[in-house]
Amino acid sequence: MYSSSALLQSAQSSDFTGTNDPFDKPPCRGCSSYLMEPYIKCAECGPPPFLMCLQCFARGFEYKKHHSDHKYEIMTSDFPILDSSWTAQEEMALLEAVMDCGFGNWQDVANQIRTKTKEECEKHYMKHFINNPLFSSTLLTLKQVEEAKSADMAITFHPSDDPPRPTFDSVLSRDMAGYMPARADFIEEFDNYAEWDLRDIDFVEDDSDLLHALKIAVVEIYHSRLKERQRRKKIIRDHGLISLRKFQILERRYPKEVQDFYEILRRFARILGSAEHDKFIESHAL
């Protein structure tokens, strides 16, 4: 009655999780129980993935478009990837434990994994993730790509190599508009509650075409609000507006007439770059 596909043997599966925590996966579509490996994924239904426990699969559970004769995949992480003595589940658990406990805290890492000793954790991690030329070069490339992506995201503090770190709600903190130099971000964002419009949105299989289109429109509106938030951050960064006092001191280098002229044309600063705007002011003040 059932036609089976090959057992999944890759940790790259979108349904793979590093631990066997049932709360990390959707419930069974048949009995709504939490899924424990191994479990079944329909190869013909979705997205979202149609997942079942072994009991519901064995009794031929069917629901809407899903039929018991569909092809299926057995989802499990109980297979080796890098080392025959380490399962895929243990590999992911090791990476998560190192991220949680910190590199070098091998006893804490072993306590979190529970199936390996601290010596085994250290030896395996150093061999396959640190001293492995393939992984080290791949991780370095990924890090460089991520840094390139985030280069325009963080708002750096240009006037000083070591920006001030004022206490919360102090005068200097208010002058800096709540900017947090250590995080390169603000305590309160522009359009700070934009995310609230997405908190109740959930794309489900039963949505009508109209409801699905409305949800897509809400997400697109949210994306445009994020772009506006980023545009304003870029203006603040490019014009050095984070340090208000520093900016005011630089303004006072001009005569009173030029300062008044500067104030009138301030709104055009967002169009020009910081250096171009200063040149524009000075060229009209001569």
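Time to look at the pattern of salt bridges. Under the criterion given, the structure shown has 10 salt bridges. A salt bridge links Glu 90 to Lys 116; the shortest N-O distance between them is 3.9 Å. Of the two residues, Glu 90 is situated in helix H2 (residues 88-101) and Lys 116 in the loop between helix H3 (106-113) and helix H4 (118-130); the sequence distance between them amounts to 26 residues. This pair shows no difference in class: Glu 90 is buried, exactly as Lys 116 is. Residue Asp 191 pairs with Arg 225 through a salt bridge whose shortest N-O separation is 2.7 Å.

To continue, consider the side chain of Lys 116. When its relative accessible area of 14% is taken as the criterion, Lys 116 is described as buried. For Lys 116, the side chain forms a polar contact with the main-chain oxygen of Ser 85, separated by 2.8 Å. For Lys 116, the residues in contact, after removing those within four places along its chain, are Ser 85, Trp 86, Glu 90, Ala 110 and Cys 121.

This next bit is on the nonpolar core. Among the nonpolar cores identified, the biggest contains 15 residues, and Cys 28, Leu 35, Phe 50 and Met 52 are the most heavily contacted of them. Of all the secondary structure elements, the ones that give two or more residues to this core are strand S2 (39-42), strand S3 (51-52), helix H1 (54-58) and strand S4 (71-75). Of the residues forming this core, the biggest block, three residues, is contributed by S2. Filtering out sequence-adjacent residues up to four positions away, Phe 50 remains in contact with Arg 29, Ile 40, Lys 41, Cys 42, Cys 45, Phe 61, Tyr 63 and His 66. Within the second largest apolar cluster, 12 residues are counted, among which are Leu 94, Val 98, Ala 110 and Ile 113.

Below, the discussion takes up unusual backbone geometry. Cis geometry marks the peptide bond from Gly 46 to Pro 47, where omega comes out at 0 degrees. Turning to its location among the elements, Pro 47 is positioned in the loop between S2 and S3. Between Pro 47 and the following residue, Pro 48, the backbone shows a cis peptide bond with an omega angle of 0 degrees. Structurally, Pro 48 is set in the loop between S2 and S3. At Asp 191, a position not held by glycine, the phi torsion is positive, near 55 degrees. With respect to the helices, strands and loops of the structure, Asp 191 is situated in the loop between strand S6 (185-186) and helix H7 (209-238).

Across the two faces of S2 the burial is the same, with Tyr 39 and Lys 41 and Ile 40 and Cys 42 all buried. As paired strands, S2 and S4 are joined by four bridges and run antiparallel to one another. Bridging from a neighbouring strand, Lys 41 pairs with Glu 73 of S4. The pairing of S2 with S3 spans two bridges and is antiparallel. Note on S3: the bridge partner recorded for Lys 41 is Leu 51.

Running from N to C, H2 and H4 point in directions that differ by 95 degrees, and their axes come no closer than 11 Å. As judged from the angle between their axes, H2 and H4 are roughly perpendicular. Across from Glu 91, Leu 94, Leu 95 and Val 98 in H2, the residues of H4 making contact are Cys 121, His 124, Tyr 125 and Phe 129. Among the residues making up the contact of H2 with H4, the classes are represented as six nonpolar, one polar and one charged.

Turning our attention to the environment of Asp 78. You can see Asp 78 is positioned in the loop between S4 and H2. Between the C-alpha atom of Asp 78 and that of Glu 90, which follows or precedes it by 12 residues, the distance is 8.7 Å.

Time to look at the confidence of the model for the protein. Put simply, the protein has an average pLDDT of 75, and 72% of its residues get 70 or more. Model confidence for the protein, summarised as mean pLDDT per element, is weakest for strand S1 (residues 3-4) at 36 and strongest for H3 at 91. For the stretch residues 1-20, pLDDT sits under 50, and the model shows 54 contacts to residues farther than four places along the chain or on other chains. Under a pLDDT of 50 for its full length, residues 155-161 has, in the predicted model, 17 contacts with residues more than four places off or in other chains.

Following the criterion strictly, the structure yields zero disulfides and no others. Here Cys 28 stays free of any disulfide, with the sulfur of Cys 56 as its closest cysteine sulfur at 3.7 Å. Taking the relative accessible area as the measure of exposure, Cys 28 reaches 2% and is therefore buried. No disulfide involves Cys 121; its nearest neighbouring cysteine sulfur is the one of Cys 101, lying 9.8 Å away.

Rules of the game
Residues numbered from 1 in each chain as written. Predicted model: local features only at pLDDT ≥ 70, side-chain atom pairs only at ≥ 80, totals over all residues. Heavy atoms only, no water. Salt bridge = Lys/Arg side-chain N within 4 Å of Asp/Glu carboxyl O. Helix = DSSP H or I, 4+ residues; strand = E, 2+ residues; numbered from the N terminus. Buried < 20%, exposed > 50% of the residue type's maximum accessible area, 1.4 Å probe, protein only. Polar contact = N/O pair within 3.5 Å; in protein donor to acceptor, adjacent residues only side chain to side chain. Contact = heavy atoms within 4.5 Å. Core = buried A, V, L, I, M, F, W, Y, C linked by side-chain atoms within 4.5 Å. Pairing = 2+ DSSP bridges. Axes fitted to C-alpha atoms, helices over the stretch in contact; angles between N-to-C directions. Parallel < 35°, antiparallel > 145°, perpendicular 65-115°, else oblique. Nonpolar A, V, L, I, M, F, W, Y, C, P; charged D, E, K, R; others polar. pLDDT = per-residue confidence, 0-100. Disulfide = S-S within 2.5 Å.

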